[in-house]
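Inside the fold
Listed below are the residues making up each chain.
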Amino acid sequence: MSEAMPRTVGSEAMLRTGASEAVLQTSGLARSFTQGGATIHVLRGVDLAIAPSEIVALLGPSGSGKSTLLQAVGLLEGGFAGSIRIGGVEAAQLDAAGRTAMRRDRLGFVYQFHHLLPDFNAIENVVLPQLIHGAERAPAEERAAELLTALGVGHRLTHRPAQLSGGEQQRVAVARALANRPALVLADEPTGNLDEHTADVVLAEFLRLVRGEGSAALVATHNERLAAKMDRVVRLHEGTIA
Ligand SMILES: Nc1ncnc2c1ncn2[C@@H]1O[C@H](COP(=O)(O)OP(=O)(O)O)[C@@H](O)[C@H]1O
Ligand SMILES: [Mg+2]
């Protein structure tokens, strides 16, 4: 398969799918790890569908497999069994270039620790993914400033990550995740490193912005209170979703 093929296949499939089709559908998703001769079955057949614009909390205690599930769905790691469909496209049918294109065109990521580029300032961190996506610099800067302003960090555009507070860093990471208008945002404990008050404020801003943008989101958290603010809560228990 040529490098350009998966993108073409993906776009055609996306055109065929109606807007009502799930942005994400997993069925029988399983993932095990073998270490020191012992195998642990972390995901044992996860069936999960997320509709367009739906914000779903993925709730489960530490070690229940939330990050493992997000990594599989984010096409960051192979090694899983079962089906993952994103925008109607079966991930298993994509090669490495196709998975990269899928991540770039359809997904946005927010991690517990911001993972911003330390040598670039806030606005550049939000502009760069847009340039990689093919945007022109001027509209990319406009969109970045708009997103950062909507998140309350419009006065920190030229600060580097190290010059920002934890809450500000996560706001920049949220703006970066949304920059390319992803159909689905995957967030892994996005406020997990923040104090309770800041976590509440940043999560509220995140939800408001994601709703305003019309993206869907899957947000891992172990916090029931934060989970309750989302459209739907799913619980990861013994490797499946009840
Ligand atoms: N790369 C790996 N190798 C071996 N075990 C792993 C690996 N990644 C995760 N695990 C194990 O899988 C389980 C679930 O981990 P994780 O998905 O990080 O849970 P959560 O994000 O809910 O805290 C844990 O028991 C963890 O030790
Ligand atoms: Mg985790």
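In case you missed it, the structure is sitting above this.
In short, a report on the structure. On a predicted model such as this, the values are computed, not experimentally measured, just so you know.

1. Some thoughts on the overall build of the protein chain
Assigned secondary structure in the protein chain consists of eight helices and ten strands. Against the compact-globule benchmark of 18 Å for 242 residues, the protein chain has a radius of gyration of 18 Å, which places it among compact chains. For the protein chain, the spread of C-alpha atoms along the principal axes amounts to about 50 × 45 × 40 Å. Sequence-distant contacts, at least 24 apart, represent 74% of the contacts inside the protein chain between residues at least 6 apart. On the protein chain, roughly 11500 Å² of surface is accessible, and the fraction owed to carbon and sulfur atoms is 51%.

2. Notes on the site of ligand 1
Taken together, Phe-33, Gln-35, Ile-40, Val-42, Pro-61, Ser-62, Gly-63, Ser-64, Gly-65, Lys-66, Ser-67 and Thr-68 form the complete shell of residues around ligand 1. One nitrogen or oxygen atom from the main chain of Ser-64 is found 3.2 Å from an oxygen atom belonging to ligand 1. At a separation of 2.9 Å, an oxygen atom of ligand 1 approaches a polar side-chain atom of Ser-67. Starting from 560 Å² of accessible surface for ligand 1 in isolation, the protein chains cover 63%. Here the shell around ligand 1 gets three residues from one element, more than from any other, and that element is helix H2 (residues 66–73).

3. Structural notes on the pattern of salt bridges
One pass over the structure, following the stated rule, counts 13 salt bridges. For Glu-189, the salt bridge identified is with Lys-66, shortest N-O distance 3.8 Å. Linking Glu-189 in the loop between strand E7 (184–188) and helix H7 (196–213) with Lys-66 in helix H2, this pair joins segments that are 123 residues apart in sequence. We classify Glu-189 as buried; its relative accessible area is 13%. Its relative accessible area of 4% is what places Lys-66 among the buried residues.

4. Quick word on the sheet that holds strand E4 (residues 80–86)
The strand order across the open sheet built from four strands is E2-E1-E4-E5, with neighbouring strands paired in antiparallel fashion. Only two strands of the sheet have a single partner each, and these edge strands are strand E2 (38–50) and strand E5 (89–90). Relative to E5, E4 runs antiparallel, the two being bridged by two bridges. By the bridge assignment for E5, Ile-86 is matched with Val-89.

5. Some words on the packing of helix H5 (residues 137–150) against H7
Put simply, H5 and H7 touch, their axes get as near as 10 Å, and they point 135 degrees apart. The orientation of H5 relative to H7 falls into the category oblique. Contact residues: Arg-143, Leu-147 and Ala-150 in H5; Arg-208, Leu-209 and Glu-213 in H7. Here the residues of the contact of H5 with H7 are counted per class, giving three nonpolar, no polar and three charged.

6. Quick notes on the environment of Ser-215
Relative to the helices and strands, Ser-215 resides in the loop between H7 and strand E8 (216–221). A C-alpha to C-alpha distance of 6.3 Å links Ser-215 and Pro-182, two positions 33 residues apart in sequence. At 2.7 Å, the side chain of Ser-215 forms a polar contact with the backbone oxygen of Pro-182.

7. Considering the layout of surface pockets
Space inside the largest pocket adds up to approximately 520 Å³. Lining the largest pocket we find 17 residues, and of these Arg-103, Leu-107, Phe-109, Pro-129 and Arg-176 sit closest to its centre. Sorting the residues of the lining of the largest pocket by element identifies helix H3 (96–106), strand E6 (107–110), helix H4 (122–132) and helix H6 (166–178) as the ones contributing at least two each. Top contributing element to the lining of the largest pocket by residue count: H4, with four residues. Its residues assigned to classes, the lining of the largest pocket comprises nine nonpolar, five polar and three charged.

What counts, and where the lines are drawn
- Residues numbered from 1 in each chain as written.
- Chains lettered and ligands numbered in written order.
- Predicted model: local features only at pLDDT ≥ 70, side-chain atom pairs only at ≥ 80, totals over all residues.
- Heavy atoms only, no water.
- Helix = DSSP H or I, 4+ residues; strand = E, 2+ residues; numbered from the N terminus.
- Rg over C-alpha atoms; globule rule 2.2 N^0.38 Å.
- Contact = heavy atoms within 4.5 Å.
- Areas by Shrake-Rupley, 256 points an atom, 1.4 Å probe, with all protein chains shown as cover.
- Near = heavy atom within 4 Å.
- Polar contact = N/O pair within 3.5 Å; in protein donor to acceptor, adjacent residues only side chain to side chain.
- Salt bridge = Lys/Arg side-chain N within 4 Å of Asp/Glu carboxyl O.
- Buried < 20%, exposed > 50% of the residue type's maximum accessible area, 1.4 Å probe, protein only.
- Pairing = 2+ DSSP bridges.
- Axes fitted to C-alpha atoms, helices over the stretch in contact; angles between N-to-C directions.
- Parallel < 35°, antiparallel > 145°, perpendicular 65-115°, else oblique.
- Nonpolar A, V, L, I, M, F, W, Y, C, P; charged D, E, K, R; others polar.
- 1 Å grid on protein atoms, 1.4 Å probe; cavity = no way out; pocket = protein on both sides within 12 Å on 5 of 7 lines; lining within 4 Å.
- Points joined across faces, edges and corners; volume = space filled by probe spheres on them.

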